[in-house]
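Each chain, written out:
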Amino acid sequence: MTVSDLKQSYPDSPKPKINWARIEEAEDFANTVKLFRQGKYDEDSFRRYRLQHGAYGTRMTNDYAMVRIKLPAGEIYPHQLEKISQLSEQFSIGSAHFSTRENIQLHWVILEDVSEILRGLSEVGLTSREACGNSVRNVMCSPLSGVCPDEEFDSTPYALATARFFLRNPLSQSLPRKFKFNFTCCEKHGMVRMVDVGLIPQTRDLDGTIQKGFKIFLGGGLGNKSFVGYQLEEFTPEEDLLYTSIAVLRIFDRLGDRKNMARNRMRYLVNDMGWEKFQNLVLKERAIVRATQSVVTRLEVDPTPSIIKRPIRISDESGSSIPDGYARWLKTNTLKQKQSEYNSVFITLEAGDITSNQITALATIIREFSSEGYARAGFVQNIALRYVHDDDLSRLYSKLLTVGLAKSGALTMAAPIGCSGTTSCNLALTNSHRLAKEIQRKFLELKLDQDDDLRDSSIKISGCPNACGQHGIATIGFFGGGGRVGKEMYPNYQMSLGGRSDGETMLGATCHRIPAKRVIPVILKIIELFKQNKKSDDTLKDWMHRVVNGKEDSEIKSILDIRKALDSFTIPPTKEEDPDFYTDYGSDSSYHTKTGKGECAA
Amino acid sequence: MSQEKTVKTTTDIDSLRSEIRDKSTRVIDVRREEDYKQSHIPTAVNLPLANLLSDDNPERVLKLVNAMGIDDETPVVVYDDTFGALASRVAWTLEYLGHSDVSLLETTFSKWKSLGLENDNKTPEIQSKNHSIHLKPEILATSDYLETSKDKPNVILIDNRERLNYLEQHIPGAISLPYRTLATQDKILRPKEDMKRLLDNRRISGNSEIITYCGSVGTLSGLAYYALKSVGLPNVKLYVRSFKEWKGLEKPIAKQQDASYWDLSAE
Ligand code: HEM
Ligand code: SF4
């Protein structure tokens, strides 16, 4: 009840620039569900329709849905958070999930209630349209775009314009498969080579005038089989951004594999055809697009910068003391912006989960502390609050602490990613979601978030080979499967090492199969091996890079040496010795694999 | 009362204020005694829910009702500070006794106060009255009744606990409608049109017999009882002893299998 009161006391909070919603779609969804229940809609067409509107099926049941709310460029405003908090309480489980692709997901929603969520979202200008299915998925942008010290210019307006152009566009309604755009700020932040289209802003000097443009990467992506993308050309001027995007989508639409669901992402097309051929095709197609657009098609880039206005202090708490843990949090959760005196503060969640009460509290905190008045979703199931003034940081920390959002380690290895796994996904073999939470708890308990040697490394976990948890680009990555001793099964993970998604992007190298209940000791063992063998200013990431590339000269020379050192962890005890070994996290009955029909390709 | 009369389930703030002024209505505050003593809506009497639940036999309820100065004709409005759930349980008990004019204040006491509306700490002088007993078994479901009727095609069983609790265990055949779904930000129940649309989507409509239940004493499901009545559904029953009794009697329980949904909760 306090929420609506609060809302009234912030009359000049900024409004979103774009309304992504269409209220008619909520009504249409409700009617379509009715027709489907009456048997007037066949399963397949209904599934396609449901996915197009952003609702996935749920583990072992299609009576429940997961609703995926898109946050184009990651932007989320306080009143939108308040609405999502309400919707989560009313129609979901009282928690929501921040995903790796800047979506917020509501799980275990009754199919018949999805339309009510769509209705609620439309009141605040949000949509889940084309968040699933064979469409242009949420267009991502780095949470640091606009504030990153290393960027050439802010790519956010281009990400928003791209999202607006393709949403509900006939061109993207029935692609062979899903299609993802990632904009970023610089080489370091973001994942441009592991996506269908990845873009880094850059400029060039053209006879004394500075021209804006992008470095565009095509044909990468993670999955059952992952590929690293290729750079299209040296420099793509901004006028060509839309033509290039349309050209690529048209080629994919025309030539993409529509039959073989397991191989129909664009990266397979690029791989089968060979990069040079594909590259030529794109350049030719772009020339055609440019020449045949009867009316000049342009991206509607809105260059108006956000208004930066430091919120007025409501109460003066300068006398109050700074709570414990502040220095640790400051070190592991905040970054200095290119704008002096301002900081970006990262809020780390447990595997992306946040309660509805915390979401409501977050809305108030954004209004009180962010000088731009809204927040951005990050790439690792987290949230960034930007434009926080130096003098407000300690107060912000105290506030976050009171609502349980001040966990440290946001920008470190202590913030692992775990996909939904057996909590809700039909294809899951293990509870990757809970494992990520367990690892985080252990890391924070051991204060490993404060270890500078580990800071730029990452842990990412998927519940099956499909890579939603992005294990392939983790320093230490895992995907789930089942292990077997005689008739007994136990949860198991395939571990890969040395993956990364920056300028030297590479996929992790397969190392060993690690039983679920041995994953934490194994990670700690790897850290121990690193500490024993590292050069003085090595980070785990650097060291691992040398090891997996066979360039390390210490006792651990290759991934095989790591493998050997871990052998003892992989031997299953008998069920009598250790019954816990045979259960997965979050379950007390003995482990068995069970999967339903996957919808990733639908 | 004739069946035709649309049931009044909630009383809006303005109506209650004028009813207080002309003293035509008995207002019941169901919060704890300490809270009541600090401040309450003027003229309200206190009947803490716990007091009622300590023994809700009709004979005892009758005594309580008489002592609150309520006879068959007295309009009654009930409020709480728990999104209407506790008030609903008290209102339902009066209805079960045979009282026909009882409704819920549309909002909570906190909201009432935050709007700056009148409140005081005076305990009103009450003249005891004589209420009759005309029990309404048609709004009550017992476990035996539930067991024999829940699988009939025309019966809809609704679980009003939170979704995760429902997934973990529920009465077989029940559908999930968490109590949070029923309210808006400022009112204990959604506006009628909104509620109707939501229930229609769920195919909760027409002349089905509807039975609601929740965790233990019929509060959350009491609210649902009034939510369903608010859209004019004619045949609603409250399984007042709810899941706690059902489990205690070791009756069958259903569960959403093979998924670790609890691990999605950030609680
Ligand atoms: C063959 C099937 C699938 C493939 C190949 C696939 C692929 C991917 C990939 C590569 C990502 C990482 C984000 C990115 O960089 O693109 C992702 C994210 C995600 N996918 Fe899938 N996906 C599949 C099926 C599913 C299913 C069935 C679900 C559950 C309904 C699901 C839920 C998610 C979620 C929730 C994320 C975000 C990760 C998080 O924050 O939890 N995916 N998917
Ligand atoms: S990686 Fe597998 S288990 Fe995890 S969400 Fe994707 S499909 Fe499901």
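Residues numbered from 1 in each chain as written. Chains lettered and ligands numbered in written order. Predicted model: local features only at pLDDT ≥ 70, side-chain atom pairs only at ≥ 80, totals over all residues. Heavy atoms only, no water.

**Describing the overall build of chain B**
Our working definition: Here a helix means four or more residues in a row that DSSP labels H or I, a strand means two or more in a row labelled E, and each is numbered from the N terminus. The atom set for the radius of gyration is the C-alpha atoms, and the globule formula is 2.2 Å times the number of residues raised to the power 0.38. Should any heavy atoms of two residues lie within 4.5 Å, those residues are considered in contact. Each accessible area value is a Shrake-Rupley result obtained with a 1.4 Å probe; residue values ignore everything except the protein chains displayed when judging cover. Two residue types count as positive, namely Lys and Arg, and two as negative, namely Asp and Glu; His and chain ends fall outside the count. A charge is said to be at NZ when it belongs to Lys, at CZ for Arg, at CG for Asp and at CD for Glu.
Counting its secondary structure elements, chain B contains eleven helices and ten strands. The C-alpha radius of gyration computed for chain B amounts to 19 Å, which stays within 12% of the reference 18 Å derived for 267 residues, consistent with globular compactness. Overall, the C-alpha framework of chain B stretches about 60 × 40 × 35 Å when taken along its three principal axes. Of the contacts formed within chain B by residues at least 6 apart in sequence, a portion of 73% connects residues at least 24 apart. Carbon together with sulfur atoms contributes 48% to the accessible area of chain B, which is approximately 11800 Å² in total. Charge separation in chain B, taken as the distance between the mean sites of 36 positive and 40 negative side-chain charges, equals 1 Å.

**Thoughts on the site of ligand 2**
Applied cut-off: Residues are classed as near a molecule or strand on a simple rule: at least one heavy atom within 4 Å of it. As a working rule, the residues Ala, Val, Leu, Ile, Met, Phe, Trp, Tyr, Cys and Pro are called nonpolar, Asp, Glu, Lys and Arg charged, and the rest polar, with Gly in that last group.
Cys419, Ser420, Gly421, Cys425, Leu427, Ala428, Ser462, Gly463, Cys464, Asn466, Ala467 and Cys468 of chain A make up every residue found near ligand 2. Grouping the amino acids of the shell around ligand 2 by side-chain chemistry returns seven nonpolar, five polar and no charged.

**Looking at the interface of chain B and chain A**
Selection criterion: Summed over both partners, buried area is the accessible surface (1.4 Å probe) that two parts give up on being assembled. Salt bridge, as applied in this entry: a Lys or Arg side-chain nitrogen positioned within 4 Å of an Asp or Glu carboxyl oxygen. Each polar contact in these results corresponds to two N or O atoms within 3.5 Å; when the atoms are within protein, one needs to be able to donate a hydrogen and the other to accept it, and residues that are neighboring in sequence are counted only if both atoms are side-chain atoms.
In this assembly, 34 residues from chain B lie in contact with 42 residues from chain A. Here chain B packs against chain A, burying approximately 3300 Å² in sum over the two surfaces, 49% of which is carbon and sulfur. Broken down residue by residue, the surface that chain B buries against chain A is led by Gln185, Asp263 and Leu264 of chain B, which jointly contribute 24%. For the pair chain B and chain A, the interface holds six salt bridges. Note that Asp263 of chain B is salt-bridged to Arg434 of chain A, the shortest N-O span being 2.8 Å. Applying the counting rule to chain B against chain A returns 19 residue pairs in polar contact (both at pLDDT 80 or more). Taken together, the elements giving at least two residues each to the side of chain B that touches chain A come down to α6 (109-114), α8 (163-168) and α9 (192-201) of chain B.

**Overview of the confidence of the model for chain B**
All names here are of chain B. Applicable threshold: Known as pLDDT, the predictor's confidence for each residue is given on a scale from 0 to 100.
Per-residue confidence for chain B averages 94 on the pLDDT scale, and 97% of its residues sit at or above 70. The low-confidence segment residues 1-5 (pLDDT under 50) makes one contact with residues lying over four places distant or belonging to another chain. Complex prediction metrics read pTM 0.94 and ipTM 0.93.

**Points about the coordination of the iron atom of ligand 1**
Quick reminder of the rule: Only N, O and S atoms count as donors, using a 2.8 Å limit from the metal and a wider 3.2 Å limit for Na, K and Ca, and since water is excluded some coordination spheres may look unfilled.
Looking at the protein side alone, the iron atom of ligand 1 has one donor only, Cys468 of chain A (SG), at 2.2 Å. Among the secondary structure elements, Cys468 of chain A is positioned in the loop between β18 (459-462) and β19 (476-485).

**Quick look at the sheet that holds strand β2 (residues 26-29) of chain B**
Residue and element names in this part refer to chain B. Applied cut-off: Think of it this way: DSSP has to see at least two bridges between two strands before they count as a pair.
Reading across from one edge, β1-β5-β4-β2-β3 is the order of the five strands in this open sheet, with parallel pairing throughout. Looking along the sheet, the strands with just one partner apiece sit at the ends: β1 (10-11) and β3 (45-46). Where strand β4 (residues 76-79) and strand β5 (residues 102-105) come together, three bridges link them in parallel fashion. Looking at the pairing, Val77 lines up with Ser103 of β5.

**A look at the packing of helix α10 (residues 326-333) of chain A against helix α12 (residues 393-402) of chain A**
Residue and element names in this part refer to chain A. Quick reminder of the rule: Angles shown run from 0 to 180 degrees and are taken between the N-to-C directions of axes, each axis being a line fitted to C-alpha atoms and, for helices, limited to the stretch in contact. By definition in this entry, angles of less than 35 degrees are roughly parallel, angles greater than 145 are roughly antiparallel, angles of 65 to 115 are roughly perpendicular, and the rest are oblique.
Between α10 and α12, the least distance of the axes is 11 Å, while the angle of their chain directions is 100°. Taken together, the axes of α10 and α12 are roughly perpendicular relative to one another. On the side of α10, the interface is formed by Tyr326, Trp329 and Leu330, while α12 contributes Leu393, Ser394, Leu396, Tyr397 and Leu400. Residues belonging to the contact of α10 with α12 are distributed by class as follows: seven nonpolar, one polar and no charged.

**Structural notes on the environment of Tyr64 of chain A**
Along the chain, the position of Tyr64 of chain A falls in strand β2 (residues 61-70). The spatial distance from the C-alpha of Tyr64 of chain A to the C-alpha of His107 of chain A is 8.0 Å, given a sequence separation of 43 residues. Dropping the residues within four chain positions of it, Tyr64 of chain A is found in contact with Tyr56, Gly57, Thr58, Trp108, Val109, Ile110 and Leu111 of chain A together with Arg163, Tyr166, Leu167 and Gln256 of chain B.

**Description of helix α13 (residues 432-445) of chain A**
Residues and elements named next belong to chain A. This is how the line gets drawn: Helix span, expected: 1.5 Å multiplied by one less than the number of residues in the helix. Each residue's exposure class comes from its accessible area (1.4 Å probe, protein chains only) as a fraction of the maximum for that residue type: buried when under 20%, exposed when over 50%, partly exposed otherwise.
Taking 1.5 Å of rise per residue, the 14 residues of α13 would be expected to cover 20 Å, and the 20 Å separating its terminal C-alpha atoms lies within 8% of that figure. The buried count for α13 comes to ten of 14 residues, which makes it a mostly enclosed element. Restricting attention to buried positions, one finds in α13 the residues Ser432, His433, Leu435, Ala436, Lys437, Glu438, Ile439, Gln440, Phe443 and Leu444. Lys447, located one to two residues past α13, shows a positive phi value of around 55°.

**Focus on the confidence of the model for chain A**
When pLDDT is averaged across chain A, the result is 92; 96% of the residues are at 70 or more. Contacts for the low-pLDDT stretch residues 1-9 of chain A, under 50 throughout, to residues beyond four places or in other chains number 17 contacts.

**With respect to the sheet that holds strand β6 (residues 140-141) of chain B**
Residue and element names in this part refer to chain B. The five strands are arranged β6-β10-β9-β7-β8 in an open sheet whose pairing can be described as parallel. Both outer strands of the open sheet, β6 and β8 (175-176), are each paired with one neighbouring strand and no more. Bridge count for strand β7 (residues 155-159) against β8 is two bridges, and the pairing is parallel. Looking at β8, one finds that Asp159 is bridged to Ser176.

**Observations regarding the domain arrangement of chain A**
Residue and element names in this part refer to chain A. Put simply, the test is: Segmentation into domains, and thus their bounds, comes from an automatic or database assignment.
Examined at the domain level, chain A breaks down into domain 1 (14-123), domain 2 (156-292), domain 3 (326-402) and domain 4 (417-582). Just the C-alpha atoms count here: the centres of domain 1 and domain 4 sit 34 Å apart. Buried surface at the junction of domain 1 and domain 4, both sides included, amounts to about 700 Å², of which 44% is carbon and sulfur. Looking at the side of domain 1 facing domain 4, the largest losses of area belong to Arg59, Thr100 and His107, adding up to 65% of the total buried there. Counting across the interface, domain 1 meets domain 4 through zero salt bridges. Here domain 1 is connected to domain 4 by six residue pairs in polar contact (both at pLDDT 80 or more). Here the side of domain 1 that touches domain 4 is built from residues that sort into two nonpolar, four polar and one charged.

**Some remarks on the pattern of salt bridges**
This structure, assessed with the given rule, holds 71 salt bridges over all chains. A salt bridge links Asp56 of chain B to Arg89 of chain B; its shortest N-O distance comes to 2.9 Å. Residue Asp56 of chain B is found in the loop between α3 (49-53) and α4 (58-67), and its partner Arg89 of chain B is found in helix α5 (residues 85-97); the two are separated by 33 residues along the sequence. When its relative accessible area of 0% is taken as the criterion, Arg89 of chain B is described as buried. Among the ionic pairs, Lys255 of chain B bridges to Glu168 of chain B, the shortest N-O distance being 3.6 Å. Of this pair, Lys255 of chain B sits in the segment after α11 (242-248) while Glu168 of chain B sits in helix α8; the two residues are 87 residues apart in sequence, bridging distant segments of the chain. Judged by relative accessible area, Glu168 of chain B falls into the partly exposed class, the value being 28%. Several salt bridges converge on common partners, so that one network encompasses Glu350, Arg434, Glu438 and Arg441 of chain A together with Asp263 of chain B.

**Describing the domain arrangement of chain B**
The parts lose accessible area when they come together, and the size of an interface is often stated as this lost area. All names here are of chain B. Domain annotation of chain B identifies domain 1 (10-135) and domain 2 (138-264). One C-alpha centre belongs to domain 1, the other to domain 2, and the line joining them spans 25 Å. Facing 20 residues of domain 1, the contacting portion of domain 2 comprises 19 residues. With both chains or domains summed, domain 1 and domain 2 bury close to 1700 Å², and 67% of this area falls on carbon and sulfur atoms. Our count for the domain 1 to domain 2 interface comes out at four salt bridges. Where Arg241 meets Asp56, a salt bridge forms, and the shortest distance between an N and an O atom there is 3.2 Å.

**A word on the environment of Tyr326 of chain A**
Tracing the sequence through the fold places Tyr326 of chain A in helix α10. Apart from the residues within four sequence positions on either side, Tyr326 of chain A is in contact with Leu393, Ser394 and Tyr397 of chain A.

**Quick look at the side chain of Glu75 of chain A**
Residue and element names in this part refer to chain A. Tracing the chain through its elements places Glu75 in strand β3 (residues 75-76). Despite its burial, Glu75 remains without a salt bridge, the nearest opposite charge being carried by Arg376 at 4.0 Å. Among residues more than four places away in sequence, those in contact with Glu75 are Gln80, Thr156, Leu160, Tyr374, Ala375 and Arg376.

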